[in-house]
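This is what each chain is made of:
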Amino acid sequence: MIGSAVTDLLVRVSRGDREAFPDLYDAVSGVVFGLVRRIIRDRGMSEEVTQEVLLEVWRNAPRFDPTRGSGAGWILTMAHRRAVDRVRSEQSGRDRMAQLGPSQTERPHDPAEESAIREAESGAIRAALDTLSDAQRQAIELAYYEGLTQTQIAERLGIPVGTIKTRIRDGMLRLRQTLEGLR
Amino acid sequence: MSDDLHELAAPFALDSLDDLERARFVRHLDQCEECQGTVAEFRETLVSIAAMTREAPPPGLKKQLLEAVAATPQVVDRTARRRMPWSAVAVAALVAVLALIGWSILSPGRLINAVLGDPAALTTLAAPTDNGVGVFDQVRLVYSEKLDAAILVFEGLDRPGEGQTYEIWLIDGTDPVPAGLFRPDDSGSATVRVKGDIRPGLTVAVTAEPEGGADLPTGPPLLTADIGA
């Protein structure tokens, strides 16, 4: 599990300790790459974004404040934002291409590959996810792993945006409540 | 958008707000300790979920990254600077004076080149809003902490409408503040400095406004980008 060791390493890095950075890399690179890959899917682009994110971690580490959250939370927030930005800018590029003619820039999507990147799933967290209704889980997954805005989720599912907002909010509150006991 | 702002904490933590909602919530977050706590808790929740999916990056990535780290300075934390002892403050003041002297020598064009040439400058790709899709091909926001300056680089930008100009806005917790007017050249390129007090965490937006600019945006933003994001 990813935990206080990451925070300790990030605090060292935040003080300019270059020696701590390879250890921090070993501790978080698998989770960062796993998350980025799941959002972006394309391997090459995911590698590029992972590298950008981890370089940003190094650069911005002096701004990390351990009283406001864990090191892993800080790093994964940055990674998620970067990956979602990349997906959205690719998407808007594709939308414009689509106006011009048949799309030649499909986002690579290989179902076999996708299942291969899903590794060990912790039983406790799986159980917490299972406390969500299917509708809540679907809305949260579309937001977190597909990088969709609430409005886009509503459009994709053909459901009013207010319903999506409720599902996301209630689902996240429930997850937080269930997982609080695990940390 | 009549939601209670507090209720945007969950979609904010999921990066699931559109640019406008996000800018609104970020302004609120600055003032609301309760939401800061809620967002932090949601982020920790998401760490647990994200940690379920791991994939080892290719071995070459570590080497490349460590080389990049060796060549990259870290930012200076501004909140830490406030805690400095007096002797350090004196040195910092001297450095600031020297920086000001250097600053005044830099003409606008040279400042732009200096920012774009700063190896430590941070480049953010601006995200088009729904209104901005198709208006430009690419916009980069380049921020140099060393030079305390940010530059917007536009490619493939449409001309503004008849009698209109583009206006840059700096959004910092309160209302947007005008940060410069510009028009693209014939090829749709423009390289412009974002005027005003540039700090990481502020949001830059661009709208089309009547010739001469406006004090507050009248048109919808075409893009937003966070400085130093």
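Residues numbered from 1 in each chain as written. Chains lettered and ligands numbered in written order. Predicted model: local features only at pLDDT ≥ 70, side-chain atom pairs only at ≥ 80, totals over all residues. Heavy atoms only, no water.

Points about the packing of helix α1 (residues 4-14) of chain A against helix α2 (residues 20-40) of chain A
How two helices sit against one another is set out by the angle between their axes and by the gap between those axes. Residue and element names in this part refer to chain A. Rules: Interaxial angles span 0 to 180 degrees and are taken between N-to-C directions of axes, which are lines fitted to C-alpha atoms, for helices over the stretch in contact. Note on conventions: DSSP H or I runs of at least 4 residues are helices, E runs of at least 2 residues are strands, and numbering of each starts at the N terminus. Crossing handedness is read from the near helix: turned anticlockwise from the far helix by less than a right angle, it gives a left-handed crossing, and turned clockwise, a right-handed one. In what follows, residue pairs with any heavy atoms lying within 4.5 Å of each other are defined as contacts. Note on residue classes: Ala, Val, Leu, Ile, Met, Phe, Trp, Tyr, Cys and Pro are nonpolar, Asp, Glu, Lys and Arg are charged, and everything else, Gly too, is polar.
With their axes 9 Å apart at the nearest point, α1 and α2 run at an angle of 145° to one another. Judged by the sense of rotation from one axis to the other, the crossing of α1 with α2 is left-handed. On α2, the residues touching Val 6, Leu 9, Leu 10, Arg 12 and Val 13 of α1 are Ala 20, Phe 21, Asp 23, Leu 24, Ala 27 and Val 28. Of the residues contributing to the contact of α1 with α2, the split by class is 9 nonpolar, no polar and 2 charged.

A short note on the side chain of Gln 136 of chain A
Residue and element names in this part refer to chain A. Test applied: Working definition: with a 1.4 Å probe on protein chains only, accessible area under 20% of the residue-type maximum means buried, over 50% means exposed, and in between means partly exposed.
Of note, Gln 136 is situated in helix α7 (residues 134-146). With a relative accessible area of 13%, Gln 136 lands in the buried category. With near-sequence residues (within four places) excluded, Gln 136 lies in contact with Arg 167, Asp 170 and Gly 171.

Let's talk about the sheet that holds strand β8 (residues 203-210) of chain B
Residues and elements named next belong to chain B. Put simply, the rule is: Strand pairing follows a simple DSSP-based rule, namely that at least 2 bridges must link the two strands.
Strands sit in the order β2-β9-β8-β5-β6 across an open sheet of 5 strands; the sheet is antiparallel. Because the sheet does not close on itself, it has two edges, and the strands there are β2 (127-128) and β6 (177-182). As paired strands, β8 and strand β9 (residues 223-226) are joined by 4 bridges and run antiparallel to one another. Considered in β9, the bridge of Thr 203 is made with Asp 226.

Brief notes about the interface of chain A and chain B
Counted only if it meets this: Two parts placed together each lose some accessible area under a 1.4 Å probe, and the buried area is that loss summed for both. Salt bridges are counted wherever a side-chain nitrogen of Lys or Arg sits within 4 Å of a carboxyl oxygen of Asp or Glu.
Listed as interface residues are 72 residues of chain A and, on the opposing side, 57 residues of chain B. When the two sides are added together, the surface that chain A and chain B hide from each other amounts to roughly 6,200 Å², 58% of it contributed by carbon and sulfur. The interface formed by chain A and chain B holds 7 salt bridges in total. Between Lys 62 of chain B and Asp 26 of chain A there is a salt bridge, with the nearest N and O atoms lying 2.8 Å from each other. Only α1, α2, α3 (43-60), α4 (71-100), α6 (123-130), α7, α8 (150-157) and α9 (161-180) of chain A provide two or more residues apiece to the side of chain A that touches chain B.

Topic: the packing of aromatic side chains
This is how it is decided: Centre distance within 6.5 Å is the pairing criterion for rings of Phe, Tyr and Trp, where only the six-membered ring of Trp is used; planes under 30 degrees apart are then read as stacked, over 60 as edge-to-face, and the remainder as tilted. Criterion for a charge above a ring: Lys NZ or Arg CZ within 6 Å of the ring centre, and within 35 degrees of the ring normal.
Counted by the stated rule, this structure contains 6 aromatic pairs over all chains. Grouping aromatic residues by their ring pairs yields a cluster made of Phe 154, Tyr 166 and Phe 182 of chain B. Of note, Arg 38 of chain A hangs over the ring of Tyr 145 of chain A, and the distance from its end group to the ring centre comes to 3.8 Å.

Some points on helix α4 (residues 59-70) of chain B
Residues and elements named next belong to chain B. Operational definition: The directions considered for the arc are those from the helix axis to the C-beta atoms.
Among the residues of α4, those classed as buried are Leu 61, Leu 65 and Val 69. Burial along α4 is one-sided: seen end-on, the buried residues are contained in an arc of 65°. In this structure, α4 carries Pro 59, Lys 63 and Ala 70 as exposed residues pointing more than 90 degrees from its buried face.

Some remarks on the confidence of the model for chain A
The condition is simple: For every residue, the predictor reports its confidence as pLDDT, a number between 0 and 100.
A residue-level look at chain A finds 81% of positions with pLDDT of 70 or above and a mean pLDDT of 84. Across residues 101-121 of chain A, where pLDDT falls below 50, the model places 28 contacts with residues more than four positions away in sequence or in other chains.

What about the packing of α7 of chain A against α8 of chain A?
All names here are of chain A. Note the following rule: Our angle categories are set so that under 35 degrees counts as roughly parallel, over 145 as roughly antiparallel, 65 to 115 as roughly perpendicular, and the remainder as oblique.
Where α7 meets α8, the axes come as close as 10 Å, and the angle between the chain directions of the two elements is 125°. Classified by the interaxial angle, the pair formed by α7 and α8 is oblique. Considering the relative orientation of α7 and α8, their crossing is right-handed. Contact residues: α7 offers Gln 138, Ala 139, Leu 142, Ala 143 and Glu 146, while α8 offers Ile 153, Arg 156 and Leu 157. The residue inventory of the contact of α7 with α8, partitioned by class, reads 5 nonpolar, 1 polar and 2 charged.

With respect to empty space enclosed by the protein
We apply this condition: Only protein atoms enter the 1 Å grid, on which a cavity is a set of points fitting a 1.4 Å probe that cannot get out and a pocket is an open set with protein on both sides within 12 Å along at least 5 of 7 lines, lining residues being those with an atom within 4 Å of a point. Grid points are joined across faces, edges and corners, and a volume is the space filled by probe spheres set on the points.
Tallied over the entire structure, the rule returns 3 cavities of 30 Å³ or more. Computed from the structure, the largest cavity encloses a volume of approximately 100 Å³. Secondary structure elements with two or more residues in the lining of the largest cavity: α6 and α7 of chain A together with α3 (33-50) of chain B. Of the residues that constitute the lining of the largest cavity, the class distribution is 7 nonpolar, no polar and 5 charged.

A short note on the sheet that holds strand β7 (residues 190-194) of chain B
All names here are of chain B. Taken together, 4 strands build an open sheet; the order of strands is β1-β3-β4-β7 and the sheet is antiparallel. Every other strand in the sheet has two partners, leaving β1 (122-125) and β7 as the edge strands with one partner each. Each neighbouring strand pair of the sheet contributes to a mean axis angle of 20°, computed without reference to strand direction. Where strand β4 (residues 149-155) and β7 come together, 5 bridges link them in antiparallel fashion. Looking at the pairing, Phe 154 lines up with Ala 190 of β7.

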